[in-house]
Amino acid sequence: MKTRILFMVINMNVGGTEKALLNMIEEMPEEKYDITILMLEEYGGFLKSIPRRVQVKYLEGYKDIKSILNQSPHLVTKELLKEKKIIECVIYSFLYLGSKALKERSILYKYIFSKYPISDEKYDIAVAYAGPMDIISYFIAHKIRARKKIQWIHFDVTKIGFSPKFACKIYSHFDKVFIVSEEAKSKLNYMIPSIKDKSEVFFNIISSKNVRSQSREGIGFQDQFDGLRILTVGRLTREKGQDFAIKVLARLISEGYDVRWYCIGDGDLRDYYEKLIEEYNVKDHFILLGTEPNPYPYISQCDIYVQPSRYEGYCITTIEARCLNKPIVTTDVNGAREQIENGKTGLVVEIKEEAIYRAVKKLIESKSLRHNFAANLGYEKFDPTQELAKLYKIC
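What you see is a predicted model; the values in this text were computed from it and never measured.

## A closer look at the pairing of strand β1 (residues 3-9)
Buried residues dominate β1, accounting for six of its seven residues. Relative to strand β2 (residues 33-39), β1 runs parallel, the two sharing seven bridges. Following the sheet pairing, I5 is matched in β2 by I35. The parallel pair β1 and β2, bridged by helix α1 (residues 16-27), forms a crossover whose chirality is right-handed.

## So, the side chain of S137
For S137, the position within the fold is in helix α6 (residues 134-143). Of the residues examined, S137 reaches a relative accessible area of 2% and is grouped as buried. Engagement of the side chain of S137 in a polar contact is seen with the side chain of Q151, the distance being 2.5 Å. Dropping the residues within four chain positions of it, S137 is found in contact with A128, Q151, I170, Y171 and F174.

## Observations concerning the state of the cysteines
As enumerated under the stated definition, the model contains zero disulfides in all. Looking at C323, it has no disulfide partner, and the nearest cysteine sulfur is the one in C302, 13 Å off.

## Digging into the pattern of salt bridges
Counting across every chain of the model gives 26 salt bridges. With a closest N to O distance of 2.7 Å, D223 and R229 form a salt bridge. D223 is the partner of R260 in a salt bridge, and the nearest nitrogen-oxygen pair spans 2.9 Å. On the criterion of sequence distance, the pair formed by R260 in strand β9 (residues 259-264) and D223 in the loop between α9 (208-214) and β8 (228-233) is long-range, its members being 37 residues apart. According to the relative accessible area criterion, D223 is partly exposed, its value standing at 29%. By sharing partners, the salt bridges in this structure join R4, D34, K57 and E121 into a single network.

About the thresholds
Residues numbered from 1 in each chain as written. Predicted model: local features only at pLDDT ≥ 70, side-chain atom pairs only at ≥ 80, totals over all residues. Heavy atoms only, no water. Buried < 20%, exposed > 50% of the residue type's maximum accessible area, 1.4 Å probe, protein only. Helix = DSSP H or I, 4+ residues; strand = E, 2+ residues; numbered from the N terminus. Pairing = 2+ DSSP bridges. Right-handed = clockwise from strand over helix to strand, strands pointing away. Polar contact = N/O pair within 3.5 Å; in protein donor to acceptor, adjacent residues only side chain to side chain. Contact = heavy atoms within 4.5 Å. Disulfide = S-S within 2.5 Å. Salt bridge = Lys/Arg side-chain N within 4 Å of Asp/Glu carboxyl O.

Structure below.
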């Protein structure tokens, strides 16, 4: 009999968390595992990338509660009053203020999800995969029946809106807490010592075979540029640090270096970054390529890969660049030193514009250093067996 596993996520947006999930599922034997993905909403560039063997479900009625979960309390109460839902407005306001005063979000979540019965389906393992995402953790903990439950943490909990009090209570419902890097695990255990015994590192998985295969499938760069190509992949958000990249490139161009910097990804800050590109006069040199479900041809063809993030959990695009033997510059975010041996397989630098500038300039000027990094990365192996064994052990 197959092991039934449920993974719950927000959606299938083109991002590292979603890519890590798809990579892991790809490595799980179909004859042994019956996999379901439960999403809050039907959305995202990776929807078509979900394997056909995976059952896909969506949280019915989520659009009716989405605004309550995501909007500010002021806008929620204003909307409820506008719709003349006086009783709902009073109840919501009372519960919101109570949850805020007690620093206990479960009070509000219990009301919001009250119309959802406990699922009739029973799984061997239920995973709150998009973590830390409070509503997904709450839903898995209270609305899904499973023999074992897992909380997955993909981010540095010191850098996001994270409530240790809520997490301490909700994580008591989980049998295991997986965290994607050693550094992120240490920070989580410091904030919530009570989960130390059930927390474990689970590195993000990639299929090196698939990455290399897909790198040969697309076209990649089409602009006939014959200088050095620098590439960054990630959502256009502050945490990914593309503003650092724009400013660094402006300095390099002013010094006469023949380079172009390309960014794959989209996000809330696209308009801001377009203005910043104009402001720093690098419109012909800093290229926003938009969302690309298959970035591997670009990674394969670039000369230098740069991850200028302000924070990460365990950056999957850095793993992909390693897999394709690219010279890498990464900021010293969570997991960076677990991926890159500084000075041997890449450069790990401070999360500062100046540090990124010096490292990128160093690689531009030294072809031999780029070659050495690429050669050293060629000896690395990407075997998912050890990580997957941690999941199988729970089954």
